[in-house]
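Here is how the chains run, residue by residue.
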Amino acid sequence: MSDIFNNLADKWKSTWVERNQLWEFSGGLIHPHSMRNYDSRGCGIANKTKIGRKVAYPVADVINWLNRRYENETSK
C-alpha cells in the first residue's frame, strides 16, 4: 500500500499539505476535521507547523502517517 501513498506525494504540487487540503491530497481518505481531532489527542501527523491560523504538514510526514494507520488497521 505504501506505493499508492507514495504516488500521492508524487502528484502533489508542494512539499507541504495544508490541513484544509488533506481531503484533496488523500483522495477523500482524511477529513481536515478528523485530523484536527487526531492532533488534539496527540496522534496526528508529525511535524505540524502553524503559521497564523493555517496548519500544514510536510508531505513525507503525511505519507508516513497514512502508512502507519494502514498497517495498524490491517494488523487487527
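If you're wondering where the values come from, they're calculated on a predicted model, not measured in any experiment.

Trainee: What exactly am I supposed to notice about the overall build of the chain here?
Mentor: What the chain contains, in helices and strands, is 4 helices and 3 strands. Scanning the chain from its N terminus toward the C terminus, one meets helices and strands in the order α-β-α-α-β-β-α. A globule of 76 residues ought to have a C-alpha radius of gyration of about 11 Å, and the chain, at 12 Å, matches this closely. Projected onto its principal axes, the C-alpha coordinates of the chain cover approximately 35 × 30 × 20 Å. A total of 76 residues make up the chain; the buried ones form 33% of that total. Once local pairs closer than 6 in sequence are excluded, the contacts in the chain between residues at least 24 apart make up 52%. When the accessible surface of the chain is summed, it comes to about 5200 Å², and 48% of that surface belongs to carbon and sulfur atoms.

Trainee: Just checking my understanding: could you explain the sheet that holds strand β3 (residues 54-58) for this structure?
Mentor: The strands making up a sheet associate through hydrogen bonds between their backbones, and the pairing can be parallel or antiparallel. The sheet built from 3 strands is open, its strands ordered β1-β3-β2 with antiparallel pairing. A single partner strand is all that each edge strand has here, and the edge strands are β1 (16-18) and β2 (49-51). Neighbour-to-neighbour, the strand axes of the sheet open up by a mean angle of 35°, direction not taken into account. Where β2 meets β3, 3 bridges bridge the pair, whose relative direction is antiparallel. Residue I51 lies in a different strand from β3, and its bridge partner there is K54.

Trainee: Teacher, can you tell me more about the side chain of D39 here?
Mentor: The topology assignment puts D39 in helix α3 (residues 32-41). Separated by 2.7 Å, the side chains of D39 and R19 make a polar contact.

Trainee: Looking at this structure, how should I read the packing of aromatic side chains?
Mentor: What describes a pair of aromatic rings is the distance from one ring centre to the other and the angle between the planes of the rings. Scanning the model with the defined rule gives 3 aromatic pairs in all. An angle of 75° between the planes, with centres 6.3 Å apart, marks the rings of F5 and Y70 as edge-to-face. Here the residue F5 occupies a position in helix α1 (residues 2-11), and Y70 occupies one in helix α4 (residues 59-74), the gap between them amounting to 65 residues. F5 gets classed as buried once you look at its relative accessible area, which sits at 5%. Positioned above the aromatic ring of W12, the side-chain terminus of K13 is 4.2 Å from the ring centre.

How each quantity is defined
- Residues numbered from 1 in each chain as written.
- Predicted model: local features only at pLDDT ≥ 70, side-chain atom pairs only at ≥ 80, totals over all residues.
- Heavy atoms only, no water.
- Helix = DSSP H or I, 4+ residues; strand = E, 2+ residues; numbered from the N terminus.
- Rg over C-alpha atoms; globule rule 2.2 N^0.38 Å.
- Buried < 20%, exposed > 50% of the residue type's maximum accessible area, 1.4 Å probe, protein only.
- Contact = heavy atoms within 4.5 Å.
- Areas by Shrake-Rupley, 256 points an atom, 1.4 Å probe, with all protein chains shown as cover.
- Pairing = 2+ DSSP bridges.
- Axes fitted to C-alpha atoms, helices over the stretch in contact; angles between N-to-C directions.
- Polar contact = N/O pair within 3.5 Å; in protein donor to acceptor, adjacent residues only side chain to side chain.
- Phe/Tyr/Trp six-rings, centres within 6.5 Å; stacked < 30°, edge-to-face > 60°.
- Lys NZ or Arg CZ within 6 Å of the ring centre and 35° of its normal.

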